[in-house]
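Survey of secondary and tertiary structure
Next come the chains, spelled out residue by residue.
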Protein chains: 2
Amino acid sequence: MKLDLATPAPLWLHSQLRNDTHYLGALPLCAVLLMNNAACPWIILAPASGQWREVIDLPQDLRRQFWAEVDLASHVLAKNFAPEKINIAALGNMVPQLHMHIVGRRADDPAWPRPVWGNLPPNPYADAVAGIDAWRRGFAAIGDF
Amino acid sequence: MKLDLATPAPLWLHSQLRNDTHYLGALPLCAVLLMNNAACPWIILAPASGQWREVIDLPQDLRRQFWAEVDLASHVLAKNFAPEKINIAALGNMVPQLHMHIVGRRADDPAWPRPVWGNLPPNPYADAVAGIDAWRRGFAAIGDF
């Protein structure tokens, strides 16, 4: 399962997701987004084509694929960013388009041990290209997981 | 996939999970717990036998079963408690034993639209037996999903 870098950011992405993130690429089902907050390694998976609200709205085959991609992304996080704890969450109280947060947490991050949502000040990447490349290299190295 | 009501609450449950919840029963992999806060319909799934920290620590067969049980529990929530949004999260910053929150949210709940963690005052069930029974009936009605 490879991250496709050639696909452009999809038009169906909710505007707030587009505004808050950098586009990393596409897995078979999900767009992969880098949250533009350098305090934590934090990506978001949003399944195509954006018409879903809850995980259980996905048909069973897509739901299995969705969870497989969440697991893959969690592996990329674990292998490349040495988090002390992984936080996984589909909330959607503000942005109803289904999207899954995968966040690496450390005891020295500014929100610890609280959840990141609402507890992190803005902290955009000073070098977004380096941040994007680190994640893309991580996905490439996991390969066919 | 049935909720087994005969099994007692497992001894491997983290003490904070045990203290914060009522035991509902056992799915094939997970203990199912009712969070003792009546503000939201909120259950927790904790996979046996409590030695896991991250979802990706589970072997692949157990990981698939784990996600299937999360989906089942989400269905029970959706069918019986009419949430406007389902919040699913594995955080574990405070309780490192792997557990998944499945929370039904409504725009009139006291934490909306913020996450529930850290944003809900204590609100234990006045009638815990009725709360437990509602969830157990919901799991029984979903049957062999």
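The structure under discussion appears in the preceding block.
Presented here is a report on the structure given in the accompanying data block. If you're wondering where the values come from, they're calculated on a predicted model, not measured in any experiment.

Procedures and definitions
- Residues numbered from 1 in each chain as written.
- Chains lettered and ligands numbered in written order.
- Predicted model: local features only at pLDDT ≥ 70, side-chain atom pairs only at ≥ 80, totals over all residues.
- Axes fitted to C-alpha atoms, helices over the stretch in contact; angles between N-to-C directions.
- Helix = DSSP H or I, 4+ residues; strand = E, 2+ residues; numbered from the N terminus.
- Parallel < 35°, antiparallel > 145°, perpendicular 65-115°, else oblique.
- Left-handed = near helix turned anticlockwise from the far one by under 90°.
- Contact = placed C-beta atoms within 7 Å.
- Nonpolar A, V, L, I, M, F, W, Y, C, P; charged D, E, K, R; others polar.
- Core = buried A, V, L, I, M, F, W, Y, C linked by C-beta atoms within 7 Å.
- Buried ≥ 20, exposed ≤ 12 C-beta atoms within 10 Å, placed from the backbone.
- Pairing = 2+ DSSP bridges.
- Least-squares fit on C-alpha atoms with pLDDT ≥ 70 in both.

Right, let's talk about the packing of helix α2 (residues 60-81) of chain B against helix α3 (residues 128-142) of chain B for a bit. The relative placement of two packed helices comes down to the angle between their axes together with the axis-to-axis distance. All names here are of chain B. Where α2 contacts α3, the axes come no closer than 9 Å and their chain directions differ by 110°. Of the possible angle classes, the one that applies to α2 and α3 is roughly perpendicular. When you trace α2 past α3, the crossing you get is right-handed. Residue-level contacts link Leu72, His75, Val76, Lys79 and Asn80 of α2 to Ala134, Gly138, Phe139 and Ile142 of α3. By residue class, the composition of the contact of α2 with α3 is five nonpolar, three polar and one charged.

Now for the nonpolar core. The biggest cluster of nonpolar side chains holds 78 residues, and the ones touching the most others in it are Ile43 of chain A together with Ile43 of chain B. In contact with Ile43 of chain B, not counting residues within four places along its chain, are Leu24, Val32, Leu33, Leu34, Met35, Ala73, Ile102 and Trp135 of chain B.

Attention shifts here to the sheet that holds strand β4 (residues 85-90) of chain A. Strand order in the open sheet formed by ten strands is β1(A)-β2(A)-β3(A)-β5(A)-β4(A)-β4(B)-β5(B)-β3(B)-β2(B)-β1(B), with antiparallel pairing between adjacent strands. In this open sheet, the two strands that pair with only one neighbour each are β1 (21-26) of chain A together with β1 (21-26) of chain B. Mean inter-strand twist for the sheet, computed between neighbouring axes without regard to direction, equals 20°. As defined by bridge partners, β4 of chain A adjoins strand β5 (residues 100-105) of chain A across five bridges and the pair is classed as antiparallel. Looking at the pairing, Ile88 of chain A lines up with Ile102 of chain A of β5 of chain A. Against the sheet, α3 of chain B makes contact with β1, β2 (30-35) and β3 (42-47) of chain B, and its axis sits at roughly 30° relative to β1 of chain B, the strand it touches most.

With an RMSD of 0.0 Å, chain A superimposes on chain B once it is rotated by 180° and translated 0.0 Å along the axis. Those values place the two copies in the arrangement expected of a two-fold rotation axis. Judged by C-alpha distance, Ala89 of chain A is the residue of chain A that lies nearest the rotation axis, at 2.0 Å. Same-surface contact between copies: 100% of interface residues of chain A are shared with the interface of chain B.

Turning our eyes to something else, we now look at the interface of chain A and chain B. Contacts between the two partners involve 26 residues from chain A and, on the opposite side, 26 residues from chain B. Counting residues per element, the ones that place at least two in the side of chain A that touches chain B are α2 (60-81) and β4 of chain A. Where β4 of chain A lies against strand β4 (residues 85-90) of chain B, three bridges are found, and the strand directions are antiparallel. Each residue of the ladder has a partner; that of Ala89 of chain A, found in β4 of chain B, is Ala89 of chain B.

Our focus in this paragraph is unusual backbone geometry. Residue and element names in this part refer to chain A. Cis rather than trans, the peptide bond between Ala48 and Ser49 has omega equal to -5°. Turning to its location among the elements, Ser49 is positioned in the loop between β3 (42-47) and α2. Backbone geometry at Ala82 places phi at a positive 45°, although glycine is not the residue there. Assignment of secondary structure puts Ala82 in the loop between α2 and β4. On the basis of neighbour count, Ala82 is assigned to the exposed category, with 10 C-beta atoms found within 10 Å.

Structural measurements only, silent on function.
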